[in-house]
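# Observations on chain architecture
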Amino acid sequence: MRERIIKLLSNEYDFSVDRLNLLEGGFRPDETYLLITTDQVKYVVKYIEYSHSLEHLQSILQFEKLLHDSYEYLCPQIILSSKQQLVIRDDNRFLFIQTFIEGVEPTREILDKDDIYLHKMGHLLAQWRIASREYSSSIQIEEEDRELTDQWWKKQTIQNVDPFLLSNFLECKKYLINLKANFERGLIHNDFHANNSIMTNDGNIFIIDFVDACQSVFVADLATSLFHLLVDQQNGEHRAQAFLQGYQQTTPLIKEEINALDMFVRFKLTLSIIEDLRDSNDTDHPFIQSCFHLLHKLNNHSTLVKNLCLQHYF
């Protein structure tokens, strides 16, 4: 695998490789690498399997490039190949390269020290939404790849899952399908949370890992961020409120989004648990247990998230 990647880096990017080290993280254990060239420049190499089309991945990377180059958004820069390509297809894998961001993932101590980190994170997600409005109007995504459309719902086959999860999925589905509000759509990050951010030595926060991005309603992106915060049983609600304040100070939510946000959070949380259990089926894992605890809490307090939103206005 390593030799194959080095060959692609040489042929497609004219890179001279000093070291290529496997990095932790990613959906698969062999898809993310730290490249150090002979002149000691660092890059992140992604060599991924991908369930969508090449065109879909290109649209995501083009948006990441736009964010970095035109909006000065704090994210890695996409490095084009010697033929000006965003991504290289190699059999059943796709290879692309980004600048390496030197920094650390936020620890619990960083998140709980004050609200600045999460406030900035909320601001960055709102900035993403603003940039995506313009970009999404210029691209075409297949209807079946657009989340929460009729065709997308038809593809969601939920089988052999915990009855509590199935009940939540069906309840959320019924609510969201019958929801008449015309929510704003665009390209969403789809996995926007603290573990997909890096804090640099100068205190800046960079957003990473764009490959789960898809076309959806923007409030669904916010819902994913919120359930990752709320899953912390000790300080989750405070964290979520700080994030919401940063978001709404940049892009205020409309009334219909606030009213539906609790159900969106439940839905995204339910899908996440189902997906995690498909991969490991370890119901005793602490994170899975925390997710179940939060799902029960959201069932019992149907306006928990809405109330956190409204506290911003008072």
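Predicted, not measured: the structure shown is a model, and the values here were computed from it. (Residues numbered from 1 in each chain as written. Predicted model: local features only at pLDDT ≥ 70, side-chain atom pairs only at ≥ 80, totals over all residues. Heavy atoms only, no water.)

### Some details on the domain arrangement of the protein chain
Segmenting the protein chain into domains produces domain 1 (1–100) and domain 2 (104–311). In this structure, domain 1 and domain 2 have C-alpha centres spaced 26 Å apart. On the domain 2 side, the residues contacting the 20 residues of domain 1 number 24 residues. Buried area between domain 1 and domain 2, both sides added, is near 1900 Å², and the carbon and sulfur share of it is 70%. Considering only the surface of domain 1 that becomes buried against domain 2, Phe63, Tyr73 and Leu74 emerge as the three largest contributors, covering 36% of it. Counting across the interface, domain 1 meets domain 2 through four residue pairs in polar contact (both at pLDDT 80 or more). (Domains from an automatic or database assignment. Contact = heavy atoms within 4.5 Å. Buried area = accessible area lost by both parts, 1.4 Å probe. Polar contact = N/O pair within 3.5 Å; in protein donor to acceptor, adjacent residues only side chain to side chain.)

### Section: the side chain of Ser59
Position of Ser59 relative to the elements: it lies in helix α2 (residues 54–70). Those residues within four positions of Ser59 in sequence are excluded, and the remaining contacts are Tyr135, Ile139, Ile141 and Leu187. (Helix = DSSP H or I, 4+ residues; strand = E, 2+ residues; numbered from the N terminus.)

### Description of the packing of helix α7 (residues 218–230) against helix α8 (residues 236–250)
Between α7 and α8, the least distance of the axes is 7 Å, while the angle of their chain directions is 150 degrees. Between α7 and α8, the interaxial angle falls into the category roughly antiparallel. Contact with α7, carried on its side by Leu222, Ser225, Leu226, Leu229 and Leu230, involves Gly236, Glu237, Arg239, Ala240, Phe243, Leu244 and Tyr247 of α8 and no other residues of that element. Counted by class, the contact of α7 with α8 contains eight nonpolar, two polar and two charged residues. (Axes fitted to C-alpha atoms, helices over the stretch in contact; angles between N-to-C directions. Parallel < 35°, antiparallel > 145°, perpendicular 65-115°, else oblique. Nonpolar A, V, L, I, M, F, W, Y, C, P; charged D, E, K, R; others polar.)

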